[in-house]
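Listed below, chain by chain, are the residues.
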Amino acid sequence: MALADLCFLDAVEMARLLARREISARELVAAHLTQIERVNPRVNAIVTLTAEQAMADAAVADGLTALGQTGGLLHGLPVAHKDLHETKGVRTTYGSPIFADFVPDFDSVAVRRLKAAGAISLGKTNTPEFGLGSQTFNPVFGATRNPYDLTKTCGGSSGGAAVALACGMVPIADGSDMGGSLRNPANFCNVVGFRCSPGRMPGPAGSWATLSVDGPMARTVGDVALLLAAMAGLDPASPISISEPGERFLAPLDRDFRGTRIAWSSDFGGLPVDARVKAVLESRRGVFADIGCRVEEACPDLSDAYEAFQTLRAAGLAETRGPLLAAHRGEMKEAAVWNIEKGLALSGAEIGRANRLRAQLFQTMKTFMDRYEFLVVPVNQVPPFPVEMEYPTEIAGVPMETYIDWMKSCYFITITGHPAISVPCGFTPDGLPVGVQIIGRYRNEFGVLQLAKAFESATGVGRRKPHAVD
């Protein structure tokens, strides 16, 4: 098998080949390192490479295999970690010049779980400064480019991860999502990104935060399920951790969807959506009917999510990044300064109102999802835009006031806490990827994976490789 072909196998198939000793972990890691060397200079997805350590870890994995042992569910599979996730002994910059030389002495929860499952780290993937904004660029490493059109953005903030996956540089990757950072870049890069319910993937020890969640990305729904099985599960150190074992997601995803009720809205109930995005989505609406679903035009009213998300996001940034502002204002991008200052200026009454709105929005969503098992809407309201543009300033003639206004189709769901996945849906006439967002009932990640798998199998859109790998 050619090295490039090996790199584009599903992670599930790679795991089978490793278990049957038809390939070794060293061969698999070496193939991916070769792919990184060949393709990464074009796209700038992997920003810190740990090739020597990866080969050493692969040798250890092969030693376990020779003894008839396994390092875990992801034994021998290459992975890369988002540069927001701390990696012990490996530089973690958060995309900020303030931390350009920071080397943590601990692993984040996501990294620790992937290591425990036997995955082999190849390094770190690019992210915008502090993960702010769905456009991956920063003053430390520069911009990451869309592999389907190098003049366009890959999205963000898990942009480096999405590009690395699309280009066959890794088969699985971790990411995180507050305003759409797992879903947005997956949508822009023709891969799969899954924002799970808060607590499904445990957060930092002692943290009650629920807006941002860590989660899996891969090229296929089956691979995302495999990765989630390794990442999910109880963590006594996390007060919001869900106790259901991750192994739940290893069950077959096949399901008969005849009669399943689905709500559909190609404009998320009236948001401005670029005509090219809407056209791709509408062309695939019939796929859900073809697999047996009852598709109805419907959408919950989540308009109050704008105020709730903007307020709670700003409050969270004031808490986590506010202490840096006084000493490092000149080293922060303008959008970061604006968002932190917005949070510092909030009153207790404003934060309290945002929390009340969030509670109401959850109830609105629950009532709606009691009627419909799934909601299908756009991931992004625009297709990939020029890489030099920080963010879209208008959509379909509607001005965008802030750097996150254009991401409502993702963060309206964030505020409700419901699981949402981005799955490849199609391409614009000029070859830019468009994904579809499938939202499930609260904590029903397995159901979301099932419908996403059925849609993926019916379309095959995710098999189209990007020009950057040619």
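Residues numbered from 1 in each chain as written. Predicted model: local features only at pLDDT ≥ 70, side-chain atom pairs only at ≥ 80, totals over all residues. Heavy atoms only, no water.

**Q** How would you summarise the overall build of the protein if you had to cite specific residues and measurements?
**A** Counting its secondary structure elements, the protein contains 15 helices and 17 strands. Taken over the C-alpha atoms alone, the protein extends approximately 60 × 60 × 45 Å along its principal axes. The buried share among the 470 residues of the protein stands at 62%. Mean positive and mean negative side-chain charge positions of the protein (45 and 50 charges, respectively) differ by 4 Å. (Helix = DSSP H or I, 4+ residues; strand = E, 2+ residues; numbered from the N terminus. Buried < 20%, exposed > 50% of the residue type's maximum accessible area, 1.4 Å probe, protein only. Lys, Arg positive; Asp, Glu negative; His and termini not counted. Charge placed at Lys NZ, Arg CZ, Asp CG, Glu CD.)

**Q** Describe the side chain of His85, with residues and values.
**A** For His85, the position within the fold is in the loop between strand 2 (78–82) and helix 5 (109–116). Among the residues examined, His85 registers a relative accessible area of 4% and is labelled buried. Here Asp174 takes part through its side chain, which lies 3.1 Å from a polar atom of the side chain of His85. (Polar contact = N/O pair within 3.5 Å; in protein donor to acceptor, adjacent residues only side chain to side chain.)

**Q** So, the sheet that holds strand 8 (residues 172–177): which residues are in play, and what are the values?
**A** One open sheet accounts for eleven strands, arranged 1-3-2-8-10-9-16-17-13-11-12; its pairing is mixed. Across the chains shown, the open sheet's two edge strands, defined by having one partner strand only, are strand 1 (46–49) and strand 12 (294–297). Along the sheet, successive strands turn relative to each other by an average axial angle of 30°, direction set aside. Note that strand 2 and strand 8 share two bridges and pair parallel. Note on strand 8: the bridge partner recorded for Ala80 is Ala173. Contacts from helix 8 (residues 221–231) reach strand 8, strand 9 (192–195) and strand 10 (213–218) within the one sheet, and its direction differs from that of strand 10 by about 140°. (Pairing = 2+ DSSP bridges. Axes fitted to C-alpha atoms, helices over the stretch in contact; angles between N-to-C directions. Contact = heavy atoms within 4.5 Å.)

**Q** Residues and numbers for helix 5, please.
**A** Buried within helix 5 are the following residues: Val109, Ala110, Val111, Arg113 and Leu114. Looking at the buried residues of helix 5, the elements they touch are strand 2, strand 8, strand 10 and helix 8. Looking one or two residues past helix 5, Gly118 carries a phi angle of roughly 95°, positive in sign.

**Q** Lay out the packing of aromatic side chains with the relevant residues and their values.
**A** One pass over the full model with this rule turns up 17 aromatic pairs. Between Tyr94 and Phe99, the ring centres sit 5.1 Å apart and the planes meet at 80°, which makes this aromatic pair edge-to-face. With a relative accessible area of 8%, Tyr94 lands in the buried category. Following the ring pairs from residue to residue traces out a cluster consisting of Tyr94, Phe99, Phe102 and Phe130. A cation sits over an aromatic face here: Arg464 above Phe427, 3.8 Å from the ring centre. (Phe/Tyr/Trp six-rings, centres within 6.5 Å; stacked < 30°, edge-to-face > 60°. Lys NZ or Arg CZ within 6 Å of the ring centre and 35° of its normal.)

Geometric descriptors of this kind do not, in isolation, establish any biological role.
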